[in-house]
Amino acid sequence: MANVQKLLKISPDKLKAFNSILLDPNSQIMKDFLAVVAKYGTPEEINKKHRTARKMENLFKIVQERNPEALKDLNWLIQQRDKGAFISVADYRKKVLGNAAKKMKFKDKYAVTLEVSALQYFPWVRAMAEEAIANKTLMPGRYIAVRRMKESEADGDLPAIVAALDIIGASFVETLDTKGTDGSNPHLGGPATITGYFGGIGQPNEHALMWLDEFLYYYTHYGVQHVLNFNAGTILLAFLLYRLGVNIQFKISVFFGADNPYNALWIMTMAKLLSRDDGTSPLIGFNWSNSVNNQTMELTADFRKALDLEKVVRFEHHITEPQKSIVIQPYNRRAELVELADHVANIAAKHEGGDPEVDVTRAHQSDILDYFREKKEVIENGDWDNLQRNYLDKVDACNRTAWALTEKGLSFIAAKNLHK
């Protein structure tokens, strides 16, 4: 079989053919791609607009215009950070292990990023921070949002959240409105057409370029650098945009359905092929399907390392999920994560629901469909406080994972500016 395997070798002529498409000045798909980019300037100009938009004073200015009350919470957060109100990593380890923490050698090389989803509304930031201070618990190091972008932009939550997460030292991923629930497929409705959603809802026809346009808008106007990506076409567009020199980044969503190592291989092969000369790629997060097991991640970790992408592409693995509308409950993968985290590097532990035994007791159990509700409707139906409680349960689940990792001498990554 060794001789048979040699048949898989790809000749340079194949790469030449690929380049001929990318560089063809008459290629309509390439002209359309470049036309969207040109709306925002050259790559250098686009990056400059991004850096300007991301400056704290400019974010604060927008917040002042749209939601001045939020400035009080942002300034409060800065004060709490600067006075060291949050528990340090050393003190947290002592809280878990007692004096034994001083003698334990933690596996920092395999530190797990603590991640929570979805941070829908800015007021939840202070509520989360107050609980962390009062209970001497952790603020996660990574956050996902899935709220309607135009709604979040209009009420000032978007710039306020971007500013808040820069203050605490955490990464932040947004979900653009061109995500398949925007009427992109006119032939699909609700449950009566459910089978049509299997692989066909995402970014049909011109919607891939609309996604690119929307990404560049928020990149240049609000400093949004990381977004979700769940369509093969928009994944390629993001690779090409980064190759041009625009410093965007993305994570592949769980809705993409990456559930085996061969799926991961073709995505990471393309990431390598279209990486920059310094080896970097815009693909910084690879969210596995809920069905993935540890062996798949171990196998993928082997060729991720061979492609020199171990430090570039983070595995993002769902530890908990909402109680309703996404998986069969109870769902809790914490024990599997602990088994994996001592030998597979660059993993994020994503918490999208509270621990099942907690979530099931709530008056309003967490529901993935809550992500798609209008803020006005949430308030009118009396669910504003309920959704915040669901979110705080997710943060609590994240802390339970940090505790379990610490008990085993494993490391975590929390909000780096808060937990020194």
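Parameters at a glance
- Here, residues in each chain are numbered from 1, in the same order as that chain's written sequence.
- Whole-chain, interface and lining totals are the exception, using all residues; otherwise, since this is a predicted model, local features are given only for residues with pLDDT of at least 70 and side-chain atom pairs are given and counted only at 80 or more.
- Side-chain descriptors were evaluated using all non-hydrogen atoms of the structure, hydrogens and water having been removed beforehand.
- Here the aromatic set is Phe, Tyr and Trp, taking the six-membered ring for Trp, and pairing holds for ring centres within 6.5 Å; pairs whose planes are under 30 degrees apart are stacked, those over 60 apart are edge-to-face, and all others are tilted.
- For the purposes of this entry, the term helix denotes a DSSP run of H or I that reaches at least four residues, the term strand denotes a run of E that reaches at least two, and both are numbered from the N terminus.
- Here's how the labels work: a residue is buried when its accessible area is under 20% of the maximum for its type, exposed when over 50%, partly exposed in between, all with a 1.4 Å probe on protein chains only.
- Charge-over-ring placement is defined geometrically: NZ (Lys) or CZ (Arg) within 6 Å of the ring centre, and within 35 degrees of the ring normal.
- In this analysis the probe radius is 1.4 Å and the grid spacing 1 Å, with only protein atoms considered; a cavity is a set of points the probe fits into but cannot get out of, a pocket is an open set with protein on both sides within 12 Å along at least five of seven lines, and lining residues have an atom within 4 Å of a point.
- Grid points are joined across faces, edges and corners, and a volume is the space filled by probe spheres set on the points.
- Under the scheme applied, nonpolar residues are Ala, Val, Leu, Ile, Met, Phe, Trp, Tyr, Cys and Pro; charged residues are Asp, Glu, Lys and Arg; polar residues are all the others, including Gly.
- Criterion for a salt bridge: a side-chain nitrogen of Lys or Arg within 4 Å of a carboxyl oxygen of Asp or Glu.
- Between any two strands, at least two bridges found by DSSP are needed for them to pair.
- Arc, as used here, means the arc of the directions from the helix axis to the C-beta atoms.
- Note on geometry: axes are lines fitted to C-alpha atoms, helical ones only across the stretch in contact, with angles between N-to-C directions running from 0 to 180 degrees.
- The cut-offs work like this: below 35 degrees is roughly parallel, past 145 is roughly antiparallel, 65 to 115 is roughly perpendicular, and the gaps in between are oblique.
- In what follows, residue pairs with any heavy atoms lying within 4.5 Å of each other are defined as contacts.

Q: Is there a simple way to explain the packing of aromatic side chains in this structure?
A: Each aromatic ring pair is summarised here by two numbers: the centre-to-centre distance and the angle between the ring planes. Counting across every chain of the model gives 13 aromatic pairs. Taking 6.3 Å as the distance between ring centres and 85° as the angle between the ring planes, the aromatic pair formed by Tyr 92 and Trp 403 counts as edge-to-face. Pair noted here: Tyr 92 is in helix α7 (residues 89-97) and Trp 403 is in helix α18 (residues 384-407), with a separation of 311 residues, a long-range link. Here the aromatic rings of Trp 124 and Tyr 391 are separated by 5.0 Å at their centres, their planes lie at 25°, and the arrangement is stacked. Remark: Tyr 391 occurs in helix α18 and Trp 124 occurs in helix α8 (residues 123-135); sequence separation between them is 267 residues. Each member of the pair, Trp 124 as well as Tyr 391, is classed as buried. Each member of the aromatic cluster is reached from another via a ring pair, and the members are Tyr 121, Trp 124, Trp 384 and Tyr 391. Between the NZ or CZ atom of Arg 126 and the centre of the ring of Trp 76, over which it lies, the distance is 4.2 Å. When the ring centre of Phe 315 is taken as origin, the NZ or CZ atom of Arg 304, which lies over that ring, is 3.9 Å away.

Q: Sorry, what's going on with empty space enclosed by the protein here?
A: The gaps of empty space that remain are located by a probe, the size of a water molecule, rolled over the atoms. With the rule as written, the count across this model stands at 1 cavity of 30 Å³ or more. Forming the boundary of the largest cavity are Ala 118, Gln 120, Trp 124, Ser 366, Asp 367, Asp 370, Tyr 371, Leu 387, Asn 390, Tyr 391 and Lys 394. By residue class, the composition of the lining of the largest cavity is 5 nonpolar, 3 polar and 3 charged.

Q: Is there a simple way to think about the pattern of salt bridges in this case?
A: Two side chains of opposite charge can pair, provided their charged atoms sit close to one another. Taken as a whole, this structure holds 30 salt bridges when the rule is applied. Ionic pairing is found between Lys 251 and Glu 316, a salt bridge with its closest N-O pair at 2.7 Å. A residue pair is termed long-range when its members are at least 10 positions apart, and Lys 251 in strand β5 (residues 249-252) and Glu 316 in strand β7 (residues 314-320) qualify at 65 residues. Taking the relative accessible area as the measure of exposure, Lys 251 reaches 0% and is therefore buried. Put simply, Glu 316 and Arg 314 hold a salt bridge, and the shortest N to O gap is 3.4 Å. For the pair Glu 316 and Arg 314, a shared accessibility class is recorded, and that class is buried. Connected through shared salt-bridge partners, Glu 115, Arg 142, Lys 251, Arg 314 and Glu 316 make up one network.

Q: Would you mind showing me how to read the pairing of strand β1 (residues 107-117) here?
A: On a regular strand, each side chain points to the face opposite its neighbour's, so the side chains alternate between the two faces of the sheet. Judged by how many residues are buried, β1 sits mostly within the fold: 8 of 11 residues are covered. Pairing geometry for β1 and strand β9 (residues 410-413), over 3 bridges, is parallel. Within β9, the residue paired with Lys 107 across the bridge is Leu 410. Bridge count between β1 and strand β8 (residues 347-351): 5 bridges; the pairing is parallel. Each residue of the ladder has a partner; that of Val 116, found in β8, is His 351. Bridging between β1 and strand β2 (residues 142-144) involves 3 bridges; their strand directions are parallel.

Q: Would you explain α7 in this entry?
A: Buried residues of α7: Val 89, Tyr 92, Arg 93 and Val 96, and no others. Buried residues along α7 cover an arc of 100° about the axis, so they all sit on one side.

Q: Would you mind showing me how to read unusual backbone geometry here?
A: If a residue is not glycine, its phi is most likely negative; likewise, a peptide bond is most likely trans. Note the cis peptide between Ser 117 and Ala 118, where omega equals 5°. A cis amide bond, omega 0°, links Gln 329 with the succeeding residue Pro 330. Structurally, Pro 330 is set in the loop between β7 and α15 (334-340). In this structure, Lys 136 takes a positive phi of about 55° despite not being glycine. Tracing the backbone through its elements, the reader meets Lys 136 in the loop between α8 and β2.

Q: How should I be thinking about the packing of α7 against α18 in this particular structure?
A: Helix packing for two helices is described by the angle between their axes and how far apart those axes are. Where α7 contacts α18, the axes come no closer than 10 Å and their chain directions differ by 75°. Considering the angle they form, α7 stands roughly perpendicular to α18. Within the contact between the two elements, α7 uses Tyr 92, Arg 93, Lys 95, Val 96 and Leu 97 and α18 uses Asn 399, Ala 402, Trp 403, Thr 406 and Glu 407. When grouped by side-chain class, the residues that make up the contact of α7 with α18 number 5 nonpolar, 2 polar and 3 charged.

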